[in-house]
Amino acid sequence: MEIDRTLIKFPSANEVPEAASLDADRGRWDGLYLVDGEVKRWDGPLDDVRSPVCITAADGTIAPALVGRTAKLDEAAARAAVTAASRAWDHGRGPWPSARVADRIAAMSKFNDRMRKEREHVVRLLMWEIGKTRKDAETEFDRTVQYTQDTIEAVKELDRTSSRFQLAEGFIGQIRRSPLGVVLCMGPFNYPLNETYTTLVPALIMGNTVVSKLPRFGALSHMPLLAAMAECFPPGAVNVVNGDGATVVGPMMTSGAIDVLAFIGTSRVANILTRQHPKPNRLRTVTGLEAKNPAVVLPDADLDLAVRECTSGALSFNGQRCTAIKLVFVHRSIAEPFVAKLSAAIDALRAGMPWEPGVSLTPLPEPNKSATLAALVEDAVSKGAKVTNAGDRSFATFYRPAVVYPVTPAMRLYHEEQFGPVVPVAVYDDEREIDAFMRESNYGQQISLFGNDRGRIAFLVDALVNQVCRININSQCRRGPDTFPFTGRKDSAEGTLSVTDALRQFSIRSVVACQATDGNKELVQDIVASRKSAFLSTDFIL
Ligand code: G3H
């Protein structure tokens, strides 16, 4: 493809502003990992972390910036992390799983306070490692801190509810949610911090012990937080490792020591991992996988609103979100004006470096992503679609968004998740075509409906609500608010995440029960009054 250097300008080293520079901490995070309460520096091989952001040399050549180096742990180190987590779990008798809820809350609150202090380090690393804009990187960090705070409040509420004894059919019972064991948390590269912590934090606070294997890109952004983890949680309660997935994760799964797999990524990898467990019935899985969320623009839709929401919904973080709008269905009667407006809106988006104000399009971290996207577009064009917006598309790690129209079922873009800046638009005549699309899709996460016709929207809501898990009316697909359930059907997800749902995912209800005889009542009351048990207790936290 012809190189068009006007698509984006990569800076020279001295054009990187001080407010985005990593120079002050260069080398500081290299090779770190956390095992058994100790932040270690790996003395084995390291992987270079190359940024999607390139640097222009004096001779005009460009090359991805070197951000730092991550530990390429070997199998023995991975096993050591699982062993540390298993020891800390100790069949539920370790200091962390057997701690009082108030103590676990105190540890998590302390960690959240310590985390806040690392904001700028994490934000800068997110900009360089995955090309996230400063605004979005700050949002990811702040949302994670808020999620942790909300989780703490939800645990308090859960504890208040569980502190009551229940009486039924002549029995007295106390029911509490108990931890499950060792949790392997694996987040994705597009939200390396947030989507790792939305499983790690609830898993940990419920009393499980955790091994976190960091994502392909974005691992360094976790490094500034390791010291705080070591300081706030007992040895082995949380372990953070990095390296090649097959080398590091395979042995953890085959060890049989993992009780819960919390994985956000592709169904292909999720299937490999779950099949590696020697006792699959003992493995609980919580996953967030692919999606092909459509938007439907009805004949009476407010076109400006639909264009605004579809642009942002399809292209926030360059379309690299599982919740992104990945196919737009527009009614034939308004297809031409909609596509013209959408193309103009997308052409108006500013491309640049993650730290530049007002930028929304940035370079992509996945190697060869431009070629993958170009192949999807070429497939559609070869079958009759057109690219309706401006100009040449790709330069190095940058791919300018393409609006592809009209996309038909014969084209790969109609079915496959592009996870990047390509916006396929299909034409429909009858709402039943949308229903048919969802029936045939492998995915079932969300859909957006744009319009005001009560009858059509009611029809689509009822036709689709049992095929996806969230229907967005006149707004783009999204995960938040984080108190709303986030899940999917088919190959899109297993389990539900939200502040409160996640606490359920990482725990199981245990009951202590006895017949309500005078002797048993006295026995239970004595145990409660003496505060000899953490489980049999009426203490609660405000
Ligand atoms: O990549 C999937 C994320 O969970 C999306 O979250 O809708 O807040 O961007 P978001």
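None of these values were measured; they are calculated from a predicted model. (Residues numbered from 1 in each chain as written. Predicted model: local features only at pLDDT ≥ 70, side-chain atom pairs only at ≥ 80, totals over all residues. Heavy atoms only, no water.)

Caption draft 1: Up close: the sheet that holds strand 24 (residues 507-515). Taken together, three strands build an open sheet; the order of strands is 5-6-24 and the sheet is antiparallel. Sheet topology places strand 5 (166-168) and strand 24 at the edges, where each strand pairs with a single neighbour. Neighbour-to-neighbour, the strand axes of this sheet turn through a mean angle of 35°, independent of strand direction. With three bridges joining them, strand 5 and strand 6 (residues 171-179) adopt antiparallel strand pairing. In the sheet register, alanine 168 faces strand 6, and the bridge partner there is phenylalanine 171. (Pairing = 2+ DSSP bridges. Helix = DSSP H or I, 4+ residues; strand = E, 2+ residues; numbered from the N terminus. Axes fitted to C-alpha atoms, helices over the stretch in contact; angles between N-to-C directions.)

Caption draft 2: Local environment of the site of the ligand. Near the ligand the following residues occur: Arg143, Asn190, Tyr191, Glu195, Arg321, Cys322, Thr323, Arg478, Arg479 and Phe486. The separation between an oxygen atom of the ligand and a polar side-chain atom of tyrosine 191 is 2.3 Å. Protein chains shield 95% of the accessible area of the ligand, which is 300 Å² for the free molecule. Of the residues assigned to the shell around the ligand, the class counts are three nonpolar, two polar and five charged. Residues lining the shell around the ligand come from more than one domain, with at least three contributed by each of domain 1 (18-288) and domain 2 (293-489). (Near = heavy atom within 4 Å. Polar contact = N/O pair within 3.5 Å; in protein donor to acceptor, adjacent residues only side chain to side chain. Areas by Shrake-Rupley, 256 points an atom, 1.4 Å probe, with all protein chains shown as cover. Nonpolar A, V, L, I, M, F, W, Y, C, P; charged D, E, K, R; others polar. Domains from an automatic or database assignment.)

Caption draft 3: Layout of unusual backbone geometry. Here the bond from tyrosine 405 into proline 406 is cis, since omega is -10°, no more than 30 degrees from zero. With respect to the element layout, proline 406 can be found in the loop between strand 17 (402-405) and helix 12 (412-415). Backbone torsion omega between glycine 480 and proline 481 reads -5°, so that peptide bond is classified as cis. When you line up the elements, proline 481 lands in the loop between strand 21 (470-473) and strand 22 (489-490). In the Ramachandran plot, aspartate 90 falls in the positive-phi region, its phi being about 50° despite a non-glycine side chain. Among the structural elements, aspartate 90 can be located in the loop between helix 1 (75-89) and helix 2 (101-116).

Caption draft 4: Looking closely at the confidence of the model for the protein. Here the protein averages 97 in pLDDT, and 99% of its residues register 70 or above. When pLDDT is averaged over each element of the protein, strand 13 (residues 325-331) comes out on top at 99 and strand 15 (residues 394-395) at the bottom at 93. (pLDDT = per-residue confidence, 0-100.)

Caption draft 5: How the structure looks around helix 11 (residues 369-382). Taking 1.5 Å per residue as the helical rise, helix 11 with its 14 residues ought to reach 20 Å, and the 20 Å between its terminal C-alpha atoms agrees with that figure. Every buried residue belonging to helix 11 is among Lys369, Ser370, Leu373, Ala374, Leu376, Val377, Asp379 and Ala380, and all of these are buried. Along its buried surface, helix 11 packs onto strand 14 (386-387), strand 15, strand 16 (398-399), strand 17, helix 12 and strand 18 (422-428). Positive phi appears at glycine 384, one or two residues downstream of helix 11, with a value of about 115°. (Expected span 1.5 Å × (residues − 1). Buried < 20%, exposed > 50% of the residue type's maximum accessible area, 1.4 Å probe, protein only. Contact = heavy atoms within 4.5 Å.)

Caption draft 6: Geometry of the domain arrangement of the protein. Domain parsing of the protein yields domain 1 (18-288) and domain 2 (293-489). Of note, the centres of domain 1 and domain 2, computed from C-alpha atoms alone, are 31 Å apart. Opposite the 23 residues of domain 1 that make contact, domain 2 presents 23 residues. Summed over both partners, the interface of domain 1 with domain 2 buries about 2000 Å², with 66% contributed by carbon and sulfur atoms. (Buried area = accessible area lost by both parts, 1.4 Å probe.)

Caption draft 7: Focus on the nonpolar core. Within the largest apolar cluster, 78 residues are counted, with the highest numbers of intra-cluster contacts made by Phe111, Leu204, Met229, Phe233 and Val238. Residue assignment places this core across two domains, with domain 1 (18-288) and domain 2 (293-489) each supplying three or more. Look past the residues within four positions of valine 238 in its chain and what remains in contact with it is Leu34, Leu200, Leu204, Val210, Met229 and Phe233. Core analysis: the second largest hydrophobic core is formed by 31 residues, Leu298, Tyr414, Val422 and Ile434 among them. (Core = buried A, V, L, I, M, F, W, Y, C linked by side-chain atoms within 4.5 Å.)

Caption draft 8: Spatial organisation of the packing of helix 2 against helix 5 (residues 194-205). Where helix 2 contacts helix 5, the axes come no closer than 10 Å and their chain directions differ by 150°. One element, helix 2, and the other, helix 5, form an angle in the roughly antiparallel class. Residues Arg104, Ile105, Met108, Phe111 and Met115 of helix 2 lie in contact with helix 5, whose contacting residues are Tyr197, Val201, Leu204 and Ile205. (Parallel < 35°, antiparallel > 145°, perpendicular 65-115°, else oblique.)

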